[in-house]
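For reference, the chains in residue letters:
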Amino acid sequence: MTALVDRYQQAGRRSRIVVIALVAILVMTIAELITGTSDLTSRSTASAALRLAIPILLAGLGGLYSERSGVVNIGLEGMMIAGTWFAAWGAWMFGPWEGVLLGIIGGAIFGLLHALATVTFNVDHIVSGVAINILGLGAMRFLSSIVYTPETGGSVIQSPPIGGISNVDLPFLAGGNLFGWNTPDFFGWLENLDMFFVSDVAGVIRGFTGQINWLTLIGLALVPLTAWLLWRTPWGLRLRSCGEDPWAAESLGVPVLRMKYYGVVISGILSGLAGAFLVLVQAGIYREGMTGGRGFIGLGALIFGNWLPAGVLGGSLVFGFGDSLRFRGPEVVKSFILAVAIGLIAYGIYSFTRSKIRAATIQTIIGAAFLLYYLQVEEVSNQLLAALPYVITLLVLAAASQHLRMPAADGARYAKGEAR
Amino acid sequence: VKSGRFLTTVVAPLIALVIAFGIAALALLLVGINPITAYQEMLSFGLSTESLIITINNALPLFVSALAVAIGFKMGLFNIGVEGAYLLAALFAAYVGAQFSITPILHVSAILLVAAGVGAFWAWIAGVLKVKRGVHEVISTIMLNYIALALSAYLFLNVFRAETAGLTIATDLIPETGWIPSLNPILALFGIEARAGANLHGFLLIAIVLGVGYHYLVNKSRFGYNLRASGVNPTAAGASGVDPKKMVIRTMLISGALAGLVGIAPLLGFYHQYPQDFPRNFGFNGIAVALLGRNHPVGMAFGALLFGFMQRSSLILDLVDVPKEIVTIIQGIVVLAVVIVYEVIARYVNRRVIAAAAAATDTAPDVPAVAA
């Protein structure tokens, strides 16, 4: 056991993430065994979590571009609201893909506004973000009252129902259609072989690859694309240098203001896309308040992920998973609470063996509180469950803010040619 | 320098308002509505006695919310958590207040104490997280807002909701001893008769006390000096013996206590219980009012009255086929415009001061550089 722990201590960051994910699944399996449910690690839970994670992921990636260029963006929520409205309007007027485009444009406009205020006029980033959120909500309601209210099914708070974006089977993996040719359904074939374990795993992969939404694919593809763009291209280096030390970047000839504009407008584009996803994939309608704070959860995922693309993906999957629990029935939620309790207490014991007495005490106490709640409560309330992503974010921040490193000049006021 | 201060404190908000109303007018023109008639309707409706009373009522929570935000601003702390804190505080205050009945003044004071206490506790969490764990207060208060929303929804539906639920879902009615009486009898002394339904909230007097108290605390007290010093230059303040951690905790406690009182005016002056649709958004609009009033109590009072007026007078717009949401747009633009205009004017004033200093040194007789 201690040998394993030592191996873990020496492992690199990537292997650690894998270990943590495996341990998490193990803990949840144990909890399932105790409670006698099996939905916590099932295929449908996983795919629901993925679907719910995408808007959070997109908003988080948006925040990543903005904050890597040095502009704090708490206006993600407002930009996302603009995205939902314009996506619904575009889809209603023209078609789903035009809706996506218009959603992106809607988000980009508000991104541009944030850039204008923070970069050109040097307004405090938080203040501008707050204004963007107020303005986003108000402006969209104004537009609804003009555009949607006269229509049947529409009102000041919602659009008429609209068509969504179709799902697709991936070629080769799930028998998708490629230029009119029906490719073989590899994992479907494996699943039907009825081989022990292999077919189960194949079934899960089939669940991920079959009937997947185009926008989900695009969202997932944006993670490696962002990592490549920001960490493997000169453009990305310039953008990140503006977030770390704009004065040094300026002295090396980087057009700092322009790079910040890129970062903030891209964050608007991605938030707009997140809004479009909500409308076109999840709801099929625009409803006021449908973003439900997902822009802020995206911000949480960004922090959770330590301002790194893969981390943002991990954070949004965690939050998406938490979100999906709400739709999976009370027993599943209860076994999740138990899993959290077991996990925290186990972590407490781990800390104890590393002689971190204080951390161990705190973790065990919180774990015991969850355990007590599990033993006491009949059914976990949906209202409390809604707070889960925010509680997780706060706990992660409280536990790990010393290990998190935001871009050094994130939120700093910078004016061209002036001393720091 | 004197004129510079006038420019930034008075002219900047005025320009911002002109810009906001101008852009809103353009938006109205674009959808084929005459903005001038719309604004005229708002003005004539908003200036009736009843409307003015309701304007003041609307302004009260906004003003208190702005005070809560502003005290944080004074030391560079950004408390976005007013929204969640006041909802949670109002819910607890309504519940506790409905449990007993004592002498009016004591009863109201007890309710105020509960509200302030809950608000202070909620903000204290963010303060502790900042001081002990280095969590930025903006992020923690955003998260605490949503947690407060979820928690108050849970408590409301499962714990605090009245058993004898009639048509409306609400907490138990607070006994009359816990109400804050209306000021209409005093208005009547001055010959102002308001129609029924327009009751000037007695909370106005408390709000005035809070505003004056804020002024003394920030500008006249030792605490206020430390507060402002920490805001302008934390390093220098620390060197002169101000404990930055204690300042953060204390400021968050005061800000939270004020935030807890935000919902009191509608609670004890109008609803007398906590209904499911207890008014929202005072927290976020309070940030706007604090920015508009530049953290000055008088400025914030004007800002709150302006927002209250817009909220009231927009009610007429729906009757004349103008979307009343135009007001929300104006409010959003005002926030952005006021900070941008302030920034531009500050730059201009700064440049003028530098130019004046340069001119003065040019004409001054030669002084050895060492002596200067």
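Refer to the structure above for everything that follows.
Residues numbered from 1 in each chain as written. Chains lettered and ligands numbered in written order. Predicted model: local features only at pLDDT ≥ 70, side-chain atom pairs only at ≥ 80, totals over all residues. Heavy atoms only, no water.

A. Just the interface of chain A and chain B, in detail. Listed by partner, the interface residues are 43 residues for chain A and 42 residues for chain B. Together, the buried faces of chain A and chain B total about 3600 Å²; carbon and sulfur atoms form 81% of this surface. Looking only at chain A, the three residues that lose the most surface to chain B are Ile134, Phe142 and Leu394 of chain A, adding up to 18% of its buried area. Connecting chain A to chain B are 1 salt bridge. Two residues, Arg413 of chain A and Glu343 of chain B, come together in a salt bridge whose shortest N-O distance is 3.4 Å. Linking chain A with chain B are 4 residue pairs in polar contact (both at pLDDT 80 or more), by the criterion used here. Secondary-structure elements contributing two or more residues to the side of chain A that touches chain B are helix H5 (96-120), helix H6 (125-147), helix H13 (294-304), helix H17 (382-385) and helix H18 (388-400) of chain A. (Contact = heavy atoms within 4.5 Å. Buried area = accessible area lost by both parts, 1.4 Å probe. Salt bridge = Lys/Arg side-chain N within 4 Å of Asp/Glu carboxyl O. Polar contact = N/O pair within 3.5 Å; in protein donor to acceptor, adjacent residues only side chain to side chain. Helix = DSSP H or I, 4+ residues; strand = E, 2+ residues; numbered from the N terminus.)

B. Highlighting a nonpolar patch on the surface. A grouping of Leu26, Ile30, Leu33 and Ile34 of chain A is seen on the molecular surface, where their side chains present a nonpolar patch of about 420 Å² in accessible area. Structurally, Leu26 of chain A is set in helix H2 (residues 13-35). (Patch = residues over 30% accessible without salt bridge, like charges linked within 9 Å, V, L, I, M, F, W, Y side chains within 5 Å. Areas by Shrake-Rupley, 256 points an atom, 1.4 Å probe, with all protein chains shown as cover.)

C. Quick look at the environment of Ser313 of chain B. Residues and elements named next belong to chain B. As for its placement among the helices and strands, Ser313 is situated in helix H14 (residues 297-313). Since its relative accessible area comes to 0%, Ser313 is described here as buried. It is 42 Å that separates the C-alpha atoms of Ser313 and Val353, two residues lying 40 residues apart in sequence. (Buried < 20%, exposed > 50% of the residue type's maximum accessible area, 1.4 Å probe, protein only.)

D. Up close: the packing of helix H8 (residues 203-219) of chain B against helix H9 (residues 222-232) of chain B. Residue and element names in this part refer to chain B. At a minimum axis separation of 5 Å, H8 and H9 run at an interaxial angle of 70°. When the interaxial angle is binned, H8 and H9 end up roughly perpendicular. Residues Leu217, Val218 and Asn219 of H8 lie in contact with H9, whose contacting residues are Phe223, Gly224, Tyr225, Leu227 and Arg228. A class-by-class count of the residues in the contact of H8 with H9 yields 5 nonpolar, 2 polar and 1 charged. (Axes fitted to C-alpha atoms, helices over the stretch in contact; angles between N-to-C directions. Parallel < 35°, antiparallel > 145°, perpendicular 65-115°, else oblique. Nonpolar A, V, L, I, M, F, W, Y, C, P; charged D, E, K, R; others polar.)

E. The side chain of Ser145 of chain A, seen in detail. If you trace the backbone, Ser145 of chain A turns up in helix H6. At 2.7 Å, the side chain of Ser145 of chain A forms a polar contact with the backbone oxygen of Phe142 of chain A. When near neighbours in sequence (up to four residues on either side) are disregarded, Ser145 of chain A contacts Pro150 and Val156 of chain A together with Pro323 and Glu325 of chain B.

F. Quick peek at the packing of aromatic side chains. Inspection of every chain in the model, using the stated rule, returns 23 aromatic pairs over all chains. Between Tyr148 of chain A and Tyr286 of chain A the ring centres are 6.1 Å apart and the planes differ by 40°, which places this aromatic pair in the tilted class. With Tyr148 of chain A in the loop between H6 and strand S1 (167-168) and Tyr286 of chain A in the loop between helix H12 (256-283) and H13, this residue pair connects regions lying 138 residues apart in the sequence. Each of the two residues, Tyr148 of chain A as well as Tyr286 of chain A, counts as buried. On the basis of an interplanar angle of 80° and a centroid distance of 5.3 Å, the ring pair of Phe92 of chain B and Phe160 of chain B is categorised as edge-to-face. Residue Phe92 of chain B is found in helix H4 (residues 82-97), and its partner Phe160 of chain B is found in helix H6 (residues 137-160); the two are separated by 68 residues along the sequence. Judged by its relative accessible area of 26%, Phe92 of chain B is partly exposed. Above the ring of Tyr374 of chain A, the side-chain terminus of Lys334 of chain A is found at 5.0 Å from the ring centroid. (Phe/Tyr/Trp six-rings, centres within 6.5 Å; stacked < 30°, edge-to-face > 60°. Lys NZ or Arg CZ within 6 Å of the ring centre and 35° of its normal.)

G. Looking closely at H13 of chain A. All names here are of chain A. With 10 of 11 residues buried, H13 is to be regarded as a mostly interior element. Within H13, burial applies to Arg294, Gly295, Phe296, Ile297, Gly298, Leu299, Gly300, Ala301, Leu302 and Ile303. Downstream of H13 by one or two residues, Asn306 has phi in the positive range, about 55°.

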